[in-house]
Amino acid sequence: MNDFATDKLAAPIADLRDDWWRGAVIYQIYPRSFQDTTGDGIGDLAGITRRLPYVAELGADAIWISPFFPSPMKDFGYDVSNYTDVDPMFGTLADFDRLIAEAHRLGLKVMIDQVLSHTSDVHPWFRESRSSKDNAKSDWFVWADAKPDGSPPNNWLSIFGGPAWEWDTRRCQYYLHNFLAAQPDLNFHNRDVQDALLDTVEFWLKRGVDGFRLDTVNFYFHAESLADNPPATSRDAPEAPSVNPYNFQAHIYDKTQPENLEFLKRLRALLDKYPAKTTVGEIGDNNALKVMADYTSGGDKLHMSYTFDFLGTAFSAQYFRDKVERLEAMIGDGWPCWAFSNHDVTRHVSRWAAVWGRDPNALARLAAGILLSLRGSVCLYQGEELGLTEAHLEFADLADPYGIRFWPEYKGRDGCRTPMVWESNAPNGGFSQAKPWLPVSPEHIAHAADRQLGDGESVLAHYRMLLAFRHAHEALQQGDIAFLDADPDVLAFTRIGGGEKLLCLFNLGSAAARFTVPRELTVTALSGHGFAGSLEPGGRVVRLPAGEAFFGAIG
C-alpha cells in the first residue's frame, strides 16, 4: 500500500519566523473522512499521522484539523463535551502527541479547531447550569424568561432552522442556541466563562499546537438587551441556504457585538505568550469584509480570518476584484485568509460548474492559480487538490442534521465530507476496510491520489507545482496586490514584495483573450506554474487561452 512517503524535511520549527502564518498555505483535514486505521469506518488521528507525508509533499505549510474532542457527535464534533481530551473514536491524547511530533518533523505546523461559542448540551458546564437558577454556573449560558404568553424571549433564529431558543423544563426558562438545540450558547458576558475557555486554549498551546481555527468567531457575544432583530432589507447576500428563514432577518443583536473585540484581545494576549502561534477566525456575516478588517487589524486581535465571500456561487473576474479591493481598502495592517472550499459548503468545482460549463479539471486548475496568487494566507480543503466534485448522496445516506432538516432543496454538508480517495483499486478508495460513515463517491475513485501522482497533467500535479511556485516567489506570499483593467473575463493584478514584481493574469471566460501590457511595464514570462498563457514577440501582448493563466516578472 502506497503511503506516499517522503524524504522532504523542512527547516526545524525553531528556525522559522514567528509570523510563519503570513502567506502560509493551510491544509484542512476533516478527521472523520481522512484515513481510518482501526476498521470502524471513521477516520482517526493515527490515520492523519500516516498521511502527513502526502500533505508535506503537496507543499502545504500547516494543517488545520477539524474537531476531534469528546462529543455526542450531533453536529459531528462541533458540539464539544470536553475541550481538553480526544474522543475515543479518534484515538487518545498520546495519538495526538505523536501526530504533533510527526508533523513538526516534516516541517508542518498544526492548527486545531476551537469551538468556543457553544458547547454540547451534555458538557458538564451546561449540565450544572441547567440544574437550577442559583448554581455556580447558572449564568454560564444564555438563559431568559419566556414572554407572558410563553413564547421565546425574542425573534432570534437558529441557522439550523427554527427559533434560536429552547425551553428547558428544569429551569423553566429558555436557553439560546444559534445552531442545534443540542449546542447551547455560552454567555461571554460572564468573565468566568472567558477565563475557563482561555484555560482550554492554553491546554493545547502547552501541548505544542501552533494555532487555532476559531469556529463562528463573531458569534461569541449577544446583545444583553435581547432586542428583536429587524427584518432584512435585502437578501442579496444570504448567510444561509435560500430556503432557510434565517435570511429574513438582519442579525443585529444575536452576533457580531462590539464586546467581541475585547475578548479577542484577551485571546491574542494569551497566544503572544507563546512564540510563533496564530489564529484564523471564521466570520459569518452579511458585512463580513468589514468584520474581517475589524478583527484582524491592529496586531492585537486575530492574526487572520476568512469569510464566506468566495464560498458562494459567484465566479467572475469582476467579483473577485470587487471583493479583494473592498477588503484592501478597509483592512489596514490586518491579514486575510482565503478559501474556496471547506467542510461546510459545496465543493467549488461543483459550485461554479454552472458558470464554467466546461472541463471541471480545468476549472480546478484555474481556481488553484487564483487562490494561491491572492494577497493573504490560504486554506485548502482535503480533496480539493484532487479536483473532487460534490458527492451525490441519497437521503438515506445523510448524516448532517442541517441537510436532513432542509432536504431536498438543500442537501446539507455531507456531499463535501465524504471520505478521501487514496487508492483507486482498494476498497472504499483506500480510506477504510470497513463500510465508511459516509459512502465513497464512485465518481471520486477516478480522482484517487495514487492515480494522479503518476500523471504530470493531473490536478494534483498542478497543485503541487503551484505551491512550489508560490514558495519560490515571496511576492506571492506576502507582497502587495494591485488590480489592472482588462477584458471583462480576465482577472489581472500585480503582486509586489520581496524585491520582485509579478504580473498575474487569469482568463475566466470561455474564449481566448488578450492582455495588453501597460506601456510603463516590461514583462518577462515565468515558468514552473503549469499554465499556457504566453507572451507574444515584442513583449507587449499576453495571449490567454480560455481557462488559462499567465505569470510574468515585471522589470
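Residues numbered from 1 in each chain as written. Predicted model: local features only at pLDDT ≥ 70, side-chain atom pairs only at ≥ 80, totals over all residues. Heavy atoms only, no water.

Asks: Any details on the overall build of the protein? Residues and values, ideally.
Replies: Looking only at helices and strands, the protein features 15 helices and 19 strands. Against the 2.2 N^0.38 benchmark of 24 Å for 555 residues, the protein shows a C-alpha radius of gyration of 23 Å, consistent with a compact globule. With respect to the principal axes defined by its C-alpha atoms, the protein has extents near 80 × 50 × 50 Å. Considering the protein as a whole, with its 555 residues, one finds that 60% of them fall into the buried category. In the protein, of all internal contacts separated by at least 6 residues, the share reaching a separation of at least 24 is 69%. (Helix = DSSP H or I, 4+ residues; strand = E, 2+ residues; numbered from the N terminus. Rg over C-alpha atoms; globule rule 2.2 N^0.38 Å. Buried < 20%, exposed > 50% of the residue type's maximum accessible area, 1.4 Å probe, protein only. Contact = heavy atoms within 4.5 Å.)

Asks: Explain the pattern of salt bridges residue by residue, including any values.
Replies: The full count for this structure, using the stated rule, is 32 salt bridges. Between Lys-323 and Asp-309 there is a salt bridge; the shortest N-O distance is 3.2 Å. With a gap of 14 residues between them, Lys-323 in helix α7 (residues 317–331) and Asp-309 in the loop between β9 (304–307) and α7 connect regions that are remote in the sequence. Of the charged contacts, one joins Arg-413 and Asp-344 as a salt bridge, the two residues approaching to 3.3 Å between their closest N and O atoms. Of this pair, Arg-413 sits in the loop between α11 (401–406) and α12 (442–445) while Asp-344 is found in the loop between β10 (337–339) and α8 (348–351), placing the two residues 69 residues apart along the sequence. Asp-344 shares its class with Arg-413; the two are buried. (Salt bridge = Lys/Arg side-chain N within 4 Å of Asp/Glu carboxyl O.)

Asks: Which residues make up the sheet that holds strand β15 (residues 513–516), and what are the values?
Replies: The sheet built from three strands is open, its strands ordered β15-β18-β17 with antiparallel pairing. Either end of the sheet is taken by a strand with one partner, and the two such strands are β15 and β17 (534–535). Taken together, the four bridges between β15 and strand β18 (residues 541–544) define a ladder with antiparallel strand orientation. Residue pairing across strands places Ala-513 opposite Leu-544, the latter belonging to β18. (Pairing = 2+ DSSP bridges.)

Asks: Which residues make up helix α6 (residues 288–296), and what are the values?
Replies: Counting buried residues in α6 gives seven out of nine residues, a clear majority hidden from the surface. If you follow the buried residues of α6, they end up packed against α5 (260–271), β8 (278–283), β9 and α7. The positive-phi residue at the C-terminal boundary of α6 is Gly-298, with phi of around 90°.

Asks: Lay out the nonpolar core in plain terms, naming residues and giving numbers.
Replies: Grouped burial of nonpolar side chains is what soluble globular proteins tend to show. Counting residues in hydrophobic clusters, the biggest one holds 128 residues, and the most contacted among them are Tyr-27, Ile-63, Phe-68 and Phe-506. By residue number, the principal contributor to this core is helix α10 (residues 360–371), which donates eight residues. Within the second largest apolar cluster, 17 residues are counted, among which are Trp-20, Tyr-306, Leu-311 and Cys-337. (Core = buried A, V, L, I, M, F, W, Y, C linked by side-chain atoms within 4.5 Å.)

Asks: Account for the pairing of β18, with residues named and values stated.
Replies: With two bridges connecting them, β17 and β18 associate as antiparallel partners. The residue bridging Ser-534 from the neighbouring strand is Arg-543, located in β18. Here β17 folds back onto β18 in antiparallel fashion, the turn holding five residues, of which Gly-538 has a positive phi close to 100°.

Asks: Please provide a residue-by-residue account of the packing of helix α1 (residues 45–58) against helix α2 (residues 93–105), values included.
Replies: Running from N to C, α1 and α2 point in directions that differ by 15°, and their axes come no closer than 9 Å. Taken together, the axes of α1 and α2 lie roughly parallel to each other. Read as a crossing pair, α1 and α2 show a hand that is left-handed. Across the interface between the two elements, Leu-45, Ile-48, Thr-49 and Leu-52 of α1 pack against Asp-95, Phe-96, Arg-98, Leu-99, Glu-102 and Ala-103 of α2. Residues belonging to the contact of α1 with α2 are distributed by class as follows: six nonpolar, one polar and three charged. (Axes fitted to C-alpha atoms, helices over the stretch in contact; angles between N-to-C directions. Parallel < 35°, antiparallel > 145°, perpendicular 65-115°, else oblique. Left-handed = near helix turned anticlockwise from the far one by under 90°. Nonpolar A, V, L, I, M, F, W, Y, C, P; charged D, E, K, R; others polar.)

Asks: An account of the packing of aromatic side chains is needed here, citing residue identities and associated values.
Replies: This model, assessed by the stated rule, comprises 46 aromatic pairs. Arranged with centres 5.3 Å apart and planes meeting at 45°, the rings of Phe-76 and Trp-437 form a pair that is tilted. Of this pair, Phe-76 sits in the loop between β2 (62–65) and α2 while Trp-437 sits in the loop between α11 and α12; the two residues are 361 residues apart in sequence, bridging distant segments of the chain. Residue classification places Phe-76 among the buried positions, given a relative accessible area of 9%. (Phe/Tyr/Trp six-rings, centres within 6.5 Å; stacked < 30°, edge-to-face > 60°.)

Asks: Let's hear about the environment of Ile-370: which residues, and what values?
Replies: With respect to the helices and strands, Ile-370 occurs in helix α10. A C-alpha to C-alpha distance of 33 Å links Ile-370 and Leu-205, two positions 165 residues apart in sequence. Ile-370 has contacts with Phe-320, Phe-340, Leu-491, Phe-506 and Leu-508, leaving out every residue within four places of it along the chain.

Asks: Would you mind going over the sheet that holds strand β13 (residues 490–497) in detail, with residue names and values included?
Replies: Reading across the sheet, the five strands line up as β12-β13-β14-β19-β16 and stay open at both edges, with antiparallel pairing between neighbours. This sheet does not close on itself; its edge strands, each paired only once, are β12 (480–483) and β16 (523–525). Averaged over all pairs of adjacent strands, the angle between their axes in this sheet comes to 30°, without regard to strand direction.

Asks: Can you break down the pairing of β8 residue by residue, with the values?
Replies: Counting buried residues along β8, six of its six residues qualify, which places the element largely inside the surrounding structure. Two strands pair when backbone bridges link them, and strand β7 (residues 211–214) and β8 are joined in this way by four bridges, in the parallel orientation. Residue pairing in the sheet places Gly-211 in a bridge with Thr-278 of β8. As paired elements, β8 and β9 share four bridges and run parallel to each other. Residue pairing for β9: Ile-283 is matched across the bridge by Thr-307. With α6 bridging β8 and the parallel β9, this β-α-β connection has right-handed handedness. (Right-handed = clockwise from strand over helix to strand, strands pointing away.)

Asks: Could you give me a rundown of the confidence of the model for the protein, with the residues and numbers involved?
Replies: A low pLDDT score tells you not to read the predicted coordinates there in detail. When the pLDDT values of the protein are averaged, the result is 95; 97% of them are 70 or greater. Between residues 5–15, whose pLDDT stays under 50, and residues either more than four places distant or in other chains, the model counts 15 contacts. (pLDDT = per-residue confidence, 0-100.)

Asks: So what about the environment of Phe-483? Which residues, and what values?
Replies: With respect to the secondary-structure elements, Phe-483 resides in strand β12. The class for Phe-483 is buried, based on a relative accessible area of 13%. Distance from Phe-483 to Thr-494, taken between C-alpha atoms, is 6.4 Å for residues eleven residues apart in sequence.

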